[in-house]
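Observations on the three-dimensional arrangement
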Amino acid sequence: QVQLVESGGGLVQAGGSLRLSCVASGRTFSSYTMGWFRQAPGKEREFVAVISWRGGTTYYADSVKGRFTISRDNGKNTVFLQMISLKPEDTAVYYCAADRTTAVFTTAVLSTARAYDYWGQGTQVTVSS
(Lines give C-alpha, C1' and ligand atoms only; values in the text may rest on other atoms or scores of the structure.)
Protein backbone atom coordinates (compact mmCIF):
# COMPACT_ATOMS: atom_id res chain seq x y z
CA GLN A 1 0.00 0.00 0.00
CA VAL A 2 1.25 3.46 -0.92
CA GLN A 3 0.09 6.67 0.66
CA LEU A 4 0.37 9.93 -1.24
CA VAL A 5 0.17 13.33 0.43
CA GLU A 6 -0.03 16.51 -1.62
CA SER A 7 0.84 19.99 -0.44
CA GLY A 8 1.61 23.42 -1.81
CA GLY A 9 -1.80 24.50 -3.01
CA GLY A 10 -3.27 27.89 -2.24
CA LEU A 11 -4.72 31.11 -3.56
CA VAL A 12 -2.73 32.99 -6.18
CA GLN A 13 -3.43 35.78 -8.63
CA ALA A 14 -3.53 35.16 -12.35
CA GLY A 15 0.00 35.13 -13.72
CA GLY A 16 1.40 33.84 -10.46
CA SER A 17 3.19 30.61 -9.62
CA LEU A 18 2.82 27.68 -7.28
CA ARG A 19 4.81 24.52 -6.66
CA LEU A 20 2.92 21.43 -5.63
CA SER A 21 4.60 18.53 -3.86
CA CYS A 22 3.49 14.96 -3.37
CA VAL A 23 5.28 12.75 -0.87
CA ALA A 24 4.86 9.00 -1.09
CA SER A 25 5.26 6.42 1.62
CA GLY A 26 6.99 3.12 1.02
CA ARG A 27 10.26 1.95 -0.46
CA THR A 28 9.14 1.37 -4.03
CA PHE A 29 8.39 4.95 -5.07
CA SER A 30 11.24 4.97 -7.56
CA SER A 31 9.56 2.20 -9.54
CA TYR A 32 6.27 4.05 -9.99
CA THR A 33 5.19 6.25 -12.83
CA MET A 34 3.72 9.37 -11.24
CA GLY A 35 0.98 11.61 -12.54
CA TRP A 36 -0.88 14.77 -11.67
CA PHE A 37 -4.58 15.22 -12.32
CA ARG A 38 -7.01 17.99 -11.45
CA GLN A 39 -10.72 18.34 -10.93
CA ALA A 40 -12.65 21.59 -11.09
CA PRO A 41 -16.12 21.93 -9.55
CA GLY A 42 -18.73 20.28 -11.71
CA LYS A 43 -16.15 18.83 -14.07
CA GLU A 44 -14.55 15.45 -14.53
CA ARG A 45 -11.06 14.73 -13.31
CA GLU A 46 -8.58 15.58 -16.04
CA PHE A 47 -5.00 14.66 -16.76
CA VAL A 48 -2.31 17.29 -16.20
CA ALA A 49 1.13 15.66 -16.41
CA VAL A 50 3.01 12.39 -15.97
CA ILE A 51 6.63 11.45 -15.36
CA SER A 52 8.38 8.11 -15.84
CA TRP A 53 9.90 6.23 -12.93
CA ARG A 54 13.41 7.51 -13.64
CA GLY A 55 12.19 10.98 -14.50
CA GLY A 56 13.57 10.91 -18.00
CA THR A 57 10.24 11.05 -19.80
CA THR A 58 7.40 13.48 -19.25
CA TYR A 59 4.11 14.24 -20.95
CA TYR A 60 1.68 17.12 -20.49
CA ALA A 61 -1.86 18.04 -21.30
CA ASP A 62 -2.00 20.65 -24.04
CA SER A 63 -3.70 23.09 -21.67
CA VAL A 64 -0.64 23.25 -19.39
CA LYS A 65 2.22 22.62 -21.80
CA GLY A 66 4.88 25.29 -21.50
CA ARG A 67 3.53 26.52 -18.15
CA PHE A 68 3.72 23.45 -15.89
CA THR A 69 6.74 21.25 -15.20
CA ILE A 70 6.64 17.86 -13.53
CA SER A 71 9.73 16.52 -11.82
CA ARG A 72 10.65 13.98 -9.16
CA ASP A 73 13.24 13.28 -6.50
CA ASN A 74 13.34 9.54 -5.92
CA GLY A 75 15.70 9.97 -2.99
CA LYS A 76 12.97 11.95 -1.21
CA ASN A 77 9.99 9.96 -2.51
CA THR A 78 8.57 13.20 -3.89
CA VAL A 79 7.05 14.35 -7.15
CA PHE A 80 6.61 18.04 -7.93
CA LEU A 81 4.45 20.15 -10.17
CA GLN A 82 5.84 23.61 -10.84
CA MET A 83 3.12 25.87 -12.19
CA ILE A 84 3.76 29.30 -13.69
CA SER A 85 1.63 31.81 -15.57
CA LEU A 86 -1.40 30.50 -13.78
CA LYS A 87 -4.83 31.22 -15.18
CA PRO A 88 -8.26 31.26 -13.51
CA GLU A 89 -9.12 28.13 -15.49
CA ASP A 90 -6.35 26.29 -13.64
CA THR A 91 -8.47 26.49 -10.49
CA ALA A 92 -9.10 22.94 -9.28
CA VAL A 93 -8.23 20.33 -6.73
CA TYR A 94 -4.94 18.81 -7.82
CA TYR A 95 -4.24 15.13 -7.18
CA CYS A 96 -1.08 13.12 -7.53
CA ALA A 97 -1.32 9.48 -8.48
CA ALA A 98 1.00 6.48 -8.67
CA ASP A 99 1.02 3.79 -11.31
CA ARG A 100 2.80 0.57 -10.39
CA THR A 101 1.68 -1.67 -13.23
CA THR A 102 2.10 0.01 -16.61
CA ALA A 103 5.22 -1.51 -18.13
CA VAL A 104 5.67 0.82 -21.07
CA PHE A 105 5.37 4.62 -20.92
CA THR A 106 2.33 4.99 -23.14
CA THR A 107 0.81 8.45 -23.07
CA ALA A 108 -2.60 7.28 -24.25
CA VAL A 109 -2.77 5.03 -21.20
CA LEU A 110 -1.03 7.21 -18.64
CA SER A 111 -3.22 10.21 -19.41
CA THR A 112 -6.24 8.31 -18.08
CA ALA A 113 -7.14 8.03 -14.42
CA ARG A 114 -7.79 4.29 -14.61
CA ALA A 115 -4.08 3.65 -15.21
CA TYR A 116 -3.23 4.67 -11.66
CA ASP A 117 -3.33 2.51 -8.58
CA TYR A 118 -2.94 5.02 -5.75
CA TRP A 119 -4.23 8.54 -5.24
CA GLY A 120 -3.62 11.35 -2.83
CA GLN A 121 -6.31 13.36 -1.10
CA GLY A 122 -5.76 16.44 -3.25
CA THR A 123 -4.69 20.03 -2.70
CA GLN A 124 -6.76 23.06 -3.71
CA VAL A 125 -5.38 25.56 -6.18
CA THR A 126 -7.37 28.74 -6.68
CA VAL A 127 -6.34 31.34 -9.25
CA SER A 128 -8.06 34.70 -9.00
CA SER A 129 -8.50 37.01 -11.97
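Refer to the structure printed above.
These lines cover the structure that appears in this document, whether it is placed above or below. In this text the structure is predicted, and so the values were computed from the model without any measurement.

**A word on the side chain of Thr 123**
Assignment of secondary structure puts Thr 123 in strand S11 (residues 123–128). In this structure the side chain of Thr 123 is engaged in a polar contact, spanning 3.2 Å, whose partner is the backbone nitrogen of Gly 9. Excluding anything up to four places from it in sequence, Thr 123 contacts Glu 6, Ser 7, Gly 8, Gly 9, Leu 20, Ala 92, Val 93 and Tyr 94.

**Some points on the environment of Glu 6**
Inspection of the secondary structure puts Glu 6 in strand S1 (residues 4–7). Separated by 89 residues in sequence, Glu 6 and Tyr 95 place their C-alpha atoms 7.1 Å apart. Only 3.0 Å separates the side chain of Glu 6 from the backbone nitrogen of Gln 121, close enough to count as a polar contact.

**Focus: the pairing of strand S8 (residues 78–83)**
For a regular strand, the rule is simple: side chains alternate between the two faces of the sheet. Of all six residues making up S8, five are buried, and the element is well covered by its neighbours. Inspection of the sheet shows strand S3 (residues 18–24) paired to S8 by six bridges, in the antiparallel sense. Directly across from Leu 18, in S8, lies its bridge partner Met 83. Relative to S8, strand S7 (residues 68–73) is paired through six bridges, and the arrangement is antiparallel. Paired with Ser 71 across the two strands is Phe 80, which belongs to S8. Here S7 folds back onto S8 in antiparallel fashion, the turn holding four residues, of which Asn 77 has a positive phi close to 50°.

Basis of the calculations
- Residues numbered from 1 in each chain as written.
- Predicted model: local features only at pLDDT ≥ 70, side-chain atom pairs only at ≥ 80, totals over all residues.
- Heavy atoms only, no water.
- Helix = DSSP H or I, 4+ residues; strand = E, 2+ residues; numbered from the N terminus.
- Polar contact = N/O pair within 3.5 Å; in protein donor to acceptor, adjacent residues only side chain to side chain.
- Contact = heavy atoms within 4.5 Å.
- Buried < 20%, exposed > 50% of the residue type's maximum accessible area, 1.4 Å probe, protein only.
- Pairing = 2+ DSSP bridges.

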